[in-house]
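Spelled out from the first residue to the last, the chains are:
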Amino acid sequence: MNAFDTPDAETCGTTLTIDLGALIANWRALGERAGTEAAAVVKANAYGIGIEPAVTALSRAGCRSFFVAHVSEGIRARSVDREAAIYVLNGLLPGQCDVYAQHELSPVLGSHQELLEWAAFRQGGANARPAALHVDTAMNRLGLWPGEGLNLAREKAGAITAAGIGLVMSHFASSEDEADPANDRQIAAFAEIAAAFPGLPASLKNSSGHFLKDCPSYQLTRPGYGLYGGNPTPGKPNPMRPVIRLEARILQLRDVDAGTQVGYNGRWTAKRRSRLATICLGYADGYPRNASWTDTSTGGSAVVGGVICPFVGTVSMDLTIVDVTDVPAAEVQRGASVTLIGGPLDLETVGAGAKTIGYEILTSLGRRHARRYVGL
Ligand SMILES: *Cc1c(COP(=O)(O)O)cnc(C)c1O
């Protein structure tokens, strides 16, 4: 048993297996593809797989830079890696400088106000790690306007020094769609920014950015989704190794006649005599209720005995019903495990079945699965 495994695995009906070896292989593959240092984005509990095990595995493999969203996540990452640079993407909220310094975290500064606050804190003699400067080249979300970034570089070099900036970065708005002309505009806008800060390392690529043509890698890339096995090139074969597998057990089997209504509010009606399996996983496990399969809409599925079987009726809190009519009888038994994520049900397929994206499936992974960490 791995130190990060759930202690009560025997009493859980669902199992989430996390392959930390595949996580490391994906991080190495993206770094090789970029030809430069790859950081690891481990926000949102490392996209659901667990921030402590992810940071432990990646830092053992040589990862020196991590990105999180919240200070609290930075503190968790710091608890398992004393040395790495840990950047907090959400930046400074008023009064947060001390906690950044205490845990040796680096804020990603996204406005003049944040820059001035951090510079004043450092001028006061605080011993703080270098910060990053975020320039917004498309999103209108966080970061300085490109013009503000250029102005800082050209006319206020003192402010950059005072704030101890060690990285300048921007973020893609649609890099998973290589045909979107917004990518080239962002690449050009960021090239100008990076050139205006000649002494500073720069960072632009998220996972999908690694697969864009004619996009420089600069000194650091910031993959997240691809590390966890998500496909950074949607619509094309997935270059990443799968990292997670989610299984749930069959609690009951029953045969129903054509015309039988199934589940809450009877939203699915059997069109033939059907064999149904009830599995112990529902929306309380982070599997979206939007994956319900009704008489008027398609939804999610499970792999049972090698066959992809559709859900029937609404996904309920703790239970989901699966149509196993087409599975050979010997393959479906009470207590058997079925696969919800893994094999043909990759993150993108699961996301589409729930009318969302693989990112949301990953980051919603439930808290009551037995977690098994393998491959380290
Ligand atoms: C989440 C995030 C990333 C990682 O993006 P992926 O698409 O998951 O690779 C990189 N940079 C920033 C600023 C982010 O918010």
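Our subject is the structure listed above.
Report on the accompanying structure. (Residues numbered from 1 in each chain as written. Predicted model: local features only at pLDDT ≥ 70, side-chain atom pairs only at ≥ 80, totals over all residues. Heavy atoms only, no water.)

Comments concerning the site of the ligand
Then step 1. Around the ligand, the structure places 14 residues, and the nearest of them are Lys43, Tyr47, Ser207, Tyr225 and Tyr359.
Then step 2. In this structure, serine 207 approaches the ligand through a side-chain N or O atom, which is 2.5 Å from an oxygen atom.
Then step 3. Between the ligand and arginine 222, the relevant distance is 3.0 Å, taken from a nitrogen atom to a side-chain nitrogen or oxygen of the residue.
Then step 4. For the ligand, whose unbound accessible area comes to 390 Å², protein coverage reaches 93%.
Then step 5. A class-by-class count of the residues in the shell around the ligand yields seven nonpolar, four polar and three charged. (Near = heavy atom within 4 Å. Polar contact = N/O pair within 3.5 Å; in protein donor to acceptor, adjacent residues only side chain to side chain. Areas by Shrake-Rupley, 256 points an atom, 1.4 Å probe, with all protein chains shown as cover. Nonpolar A, V, L, I, M, F, W, Y, C, P; charged D, E, K, R; others polar.)

Quick look at the pairing of strand β15 (residues 301–304)
Then step 1. Residues Ser301 and Val303 line one face of β15 and the alternating positions Ala302 and Val304 line the opposite face, and both faces are buried.
Then step 2. Relative to strand β16 (residues 307–312), β15 runs antiparallel, the two being bridged by four bridges. Residue pairing for β16: serine 301 is matched across the bridge by proline 310.
Then step 3. As consecutive antiparallel partners, β15 and β16 are separated by two residues, and within that stretch glycine 305 has a phi angle of approximately 55°, a positive value. (Buried < 20%, exposed > 50% of the residue type's maximum accessible area, 1.4 Å probe, protein only. Helix = DSSP H or I, 4+ residues; strand = E, 2+ residues; numbered from the N terminus. Pairing = 2+ DSSP bridges.)

Some remarks on the pattern of salt bridges
Then step 1. On inspection of all chains with the given rule, the structure shows 14 salt bridges.
Then step 2. Lysine 271 is the partner of aspartate 295 in a salt bridge, and the nearest nitrogen-oxygen pair spans 3.9 Å. With aspartate 295 in the loop between β14 (274–279) and β15 and lysine 271 in the loop between β13 (268–269) and β14, this pair connects stretches of sequence that are 24 residues apart.
Then step 3. Among the residues examined, lysine 271 registers a relative accessible area of 67% and is labelled exposed.
Then step 4. Residues joined by salt bridges that share partners form a network here, namely Glu178, Lys213 and Lys236. (Salt bridge = Lys/Arg side-chain N within 4 Å of Asp/Glu carboxyl O.)

Focus on unusual backbone geometry
Residues apart from glycine generally show negative phi values, whereas peptide bonds are mostly found in trans.
Then step 1. Residues other than glycine seldom take positive phi values, yet asparagine 140 does so here, at roughly 55°.
Then step 2. Here asparagine 140 is to be found in the loop between β7 (131–134) and α7 (146–155).
Then step 3. A positive phi angle, close to 55°, is found at aspartate 214, a residue other than glycine.
Then step 4. Mapping aspartate 214 onto the fold places it in the loop between β9 (202–203) and β10 (220–221).
Then step 5. A relative accessible area of 72% means that aspartate 214 is categorised as exposed.

Description of helix α4 (residues 71–80)
Owing to its 3.6 residues per turn, the α-helix aligns residues three or four sequence positions apart on the same side.
Then step 1. Along α4, the positions that sit buried rather than exposed are Val71, Glu73, Gly74, Ala77 and Arg78. End-on, the buried residues of α4 take up no more than an arc of 150°, which puts them together on one face.
Then step 2. Elements in contact with the buried residues of α4: α2 (43–47), α3 (51–60), β4 (65–68), β5 (85–88) and α5 (97–102). (Arc of directions from axis to C-beta. Contact = heavy atoms within 4.5 Å.)

Examining the pairing of β14
Then step 1. With five of six residues buried, β14 is to be regarded as a mostly interior element.
Then step 2. Pairing of strand β11 (residues 244–256) with β14 involves six bridges; the strand directions are antiparallel. Residue pairing in the sheet places leucine 253 in a bridge with alanine 277 of β14.
Then step 3. Here four bridges tie β14 to strand β17 (residues 320–323), and the two strands are oriented antiparallel to one another. Across the sheet, residue isoleucine 279 finds its bridge partner in β17, namely threonine 320.

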